[in-house]
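# Chains, contacts and geometry: an overview
One-letter residues, chain by chain:
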Amino acid sequence: MSSLPGPTRDHRHSLADDVVSALTAMFPDGAGLHEPEFGGNEWAYVKECIDTGWVSTAGEFVDQFEQTLCDLTGSPYAIATVNGTAALHICLILAGVRTGDEVIVPGLSFVATANAVSYCGAIPHFADIELETLGLDAGRLGRYLEEVSEWRQDHRVNKATGRPIRAVVCMHTFGHPTDLDSLMAVCAALDLPLIEDAAESLGSLYRGRHTGTFTPFGALSFNGNKIATTGGGGAVLAQDPDVAAAAKHLTTTAKVPHAFEFIHDQVGYNYRMPNLNAGLGCAQLERLSDFVSRKRRLADHYARTFENFSEVSVFTEPAFAQSNYWLNNLMLAHDETAARNTILKTLNENGIMARAAWTPINRLPMYANCPAMPLPVVDDVYARALALPSSPALVEGIVVRS
Ligand SMILES: *Cc1c(COP(=O)(O)O)cnc(C)c1O
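Summarised in this report is the structure supplied together with it. Just so it is clear, the model here is predicted, and its values are computed rather than measured. Along every chain, residues carry numbers that run from 1 in the direction the sequence is written. Where totals are concerned, whole chains, interfaces and linings use all residues; where local detail is concerned, this predicted model gives features only for residues with pLDDT of at least 70, and gives and counts side-chain atom pairs only at 80 or more. Side-chain numbers come from the whole structure's heavy atoms, not from hydrogens or water.

## Focus on the overall build of the chain
For the chain, the helix and strand inventory stands at 13 helices and 18 strands. Throughout, radius of gyration means the C-alpha value; the globule benchmark is 2.2 Å times the number of residues raised to the power 0.38. Scaling as 2.2 N^0.38, a compact globule of 402 residues should have a C-alpha radius of gyration of about 21 Å, and the chain matches this with 22 Å. Seen through its C-alpha atoms, the chain measures out along the principal axes to roughly 75 × 60 × 35 Å. Burial classification: accessible surface area is computed with a 1.4 Å probe over protein chains only, and a residue below 20% of its type maximum counts as buried, one above 50% as exposed, and the rest as partly exposed. A total of 402 residues make up the chain; the buried ones form 55% of that total. Across the chain, every contact between residues at least 6 apart in sequence was considered, and the portion connecting residues at least 24 apart equals 71%. A total of about 16500 Å² of accessible surface is found on the chain, and carbon and sulfur atoms cover 53% of it. Helix and strand labels come from DSSP, where a helix needs a run of H or I of at least four residues and a strand needs a run of E of at least two; each type is numbered from the N terminus. Contact between two residues is taken to exist if any of their heavy atoms lie within 4.5 Å; hydrogens are not considered. Residue-level accessible areas treat just the shown protein chains as cover; the underlying method is Shrake-Rupley with a 1.4 Å probe.

Okay, structure coming up:
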């Protein structure tokens, strides 16, 4: 343990050593970061698609997948898409985001959150997060927007750029629900629509209700590294029948139903999830609650493994949340980039896939000149967080330390 005072270099060295030996003891044979698991009806359903010829964007698995999503999340409507980024793109369009607008986005997220804004011709405006949830800091966001924006005629304008601020996207980081009540209150006060990027939080509840269903527009992802996968896929969760109909229309090339004519009444998108992927997804969703409970047990193992460490902690769900623990994260107590890098390098050399948090999006070259509020917590979390292996299957093979 590294609690004794000593030269800085030795201190860092021993912290890295302690963390690495705890994890190599847990996973002597190595571990992937997040691997999909296909032990149920996956093969049978995919084979059925091929046997019946229904492999593309029409077919009963797509409808069944959407219905199952509604049952699991409590959302009245779900529209399956080719991926989560496409789902987010559709949410932004339906929230009214247009070319030249600005959209508030957390500085710490997967790059797709900002990319979907760019696909609308809009500009991401980065906001800071809070340590308790790793999601947007509602209090500071509200005060910041009061200061830098004003209401002109029928929309909110960034006083510095003159551009409309059209919407806010929140994200449930690593599967942990963000503070939705506070964010919804701030967005209501500022008259801004809130969109939930729930790509990582399938199976996560905020005050007992499923994430992605609190705002008119929620986006899910079923990419290969998410808690349940369709290979590639996503879904829009909608609460209103008109929003749901518009999402379905936009994702299916805006085709107007007709017995034999091809009529499209706007520029739509070819974003509908193929039946082949939905078949895989139906089998995965049958096992979602099992994935969640094993991932929560794995999170528990991590918490116990590191409970006596004074210099690191395992990120745990906020009190109002029940998290799917999509990606477990170890937080160093101090900003010690050297220790973080040593731990990551050594773990990967030992076949244990661990990763840094995403590089803050505002530091990426294509987003470096976008507007941003001060982002001290984004910078702090990026410097201190390490993502740990989180596949549900890992919980079975864990070597429990005495
Ligand atoms: C995975 C992810 C997405 C995008 O989903 P894809 O299905 O990969 O397009 C968007 N936002 C966040 C936060 C994600 O983690």
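## Considering the site of the ligand
Taken together, 15 residues form the shell around the ligand, and within it Gly84, Thr85, Glu200, Ser221 and Lys226 come nearest. Pairing of N or O atoms within 3.5 Å defines a polar contact, subject to two protein rules: one partner must be a possible hydrogen donor and the other a possible acceptor, and residues neighboring in sequence count only if both atoms are side-chain atoms. At 2.7 Å from an oxygen atom of the ligand is found a side-chain nitrogen or oxygen belonging to Ser221. Protein contacts shield 93% of the accessible area of the ligand, which totals 380 Å² for the unbound molecule. Secondary-structure elements contributing two or more residues to the shell around the ligand are α4 (84-94) and α5 (112-119). Only Asp, Glu, Lys and Arg are considered charged, only Ala, Val, Leu, Ile, Met, Phe, Trp, Tyr, Cys and Pro nonpolar, and every remaining residue, Gly among them, polar. Here the residues of the shell around the ligand sort into 4 nonpolar, 8 polar and 3 charged. Note on terminology: near, applied to a residue and a molecule or strand, indicates that one of the residue's heavy atoms is within 4 Å of it.

## Points about the sheet that holds strand β18 (residues 385-387)
Two strands pair if DSSP finds at least two bridges between them. Ordered by their spatial adjacency, 4 strands build an open sheet running β14-β16-β18-β17, and the pairing between neighbours is antiparallel. Two strands close off the open sheet at either side, each with one partner strand: β14 (312-314) and β17 (355-356). Here β17 runs beside β18; their pairing, made up of 2 bridges, is antiparallel. Along β18, the bridge assignment pairs Ala356 with Leu386. An axis is simply a line fitted to the C-alpha atoms; with a helix, the fit covers only the stretch in contact. Between two such axes, the angle follows the N-to-C directions and lies from 0 to 180 degrees. The strands that helix α12 (residues 376-384) touches are β16 (329-332) and β18; relative to β18, the one it contacts most, it runs at about 55°.

## Section: the pairing of β16
Sheet faces and side chains relate simply in a regular strand, where the side chains alternate between the two faces. Where burial is concerned, the two faces of β16 agree: the one with Asn329 and Met331 and the one with Leu330 and Leu332 are both buried. Summarising the sheet, β14 and β16 pair through 3 bridges and their orientation is antiparallel. Within β16, the residue paired with Val312 across the bridge is Leu332. Strand direction decides the pairing type here: β16 and β18, joined by 3 bridges, are antiparallel. Across the sheet, residue Met331 finds its bridge partner in β18, namely Ala385.

## Digging into the side chain of Ser391
Turning to its location among the elements, Ser391 is positioned in the loop between β18 and α13 (394-397). Separated by 2.8 Å, the side chain of Ser391 and the backbone nitrogen of Glu35 make a polar contact.

## What about the side chain of Thr113?
In this structure, Thr113 sits in helix α5. Judged by its relative accessible area of 2%, Thr113 is buried. Of note is the side chain of Thr113, whose polar atom sits 2.9 Å from the side chain of Asp197.

## Remarks on the pairing of strand β7 (residues 194-197)
On β7, burial covers both faces: Leu194 and Glu196 on one face and Ile195 and Asp197 on the other are all buried. As defined by bridge partners, strand β6 (residues 164-171) adjoins β7 across 4 bridges and the pair is classed as parallel. What sits directly across from Cys170, in β7, is Glu196. In this structure, β7 lies alongside strand β10 (residues 217-221), joined through 3 bridges in parallel fashion. Within the sheet, the bridge partner assigned to Ile195 lies in β10 and is Phe217.

## A short note on the packing of aromatic side chains
Here a pair means two rings of Phe, Tyr or Trp (six-membered ring of Trp) with centres within 6.5 Å. Their orientation is stacked below 30 degrees between planes, edge-to-face above 60, and tilted elsewhere. Evaluated as defined, the whole model comprises 9 aromatic pairs. Between Phe174 and Trp358, the ring centres sit 5.1 Å apart and the planes meet at 20°, which makes this aromatic pair stacked. Taken as a pair, Phe174 in the loop between β6 and α7 (180-190) and Trp358 in the loop between β17 and α12 lie far apart in primary sequence, 184 residues in all. Trp358 matches Phe174 in its accessibility class, with the two residues each being buried.

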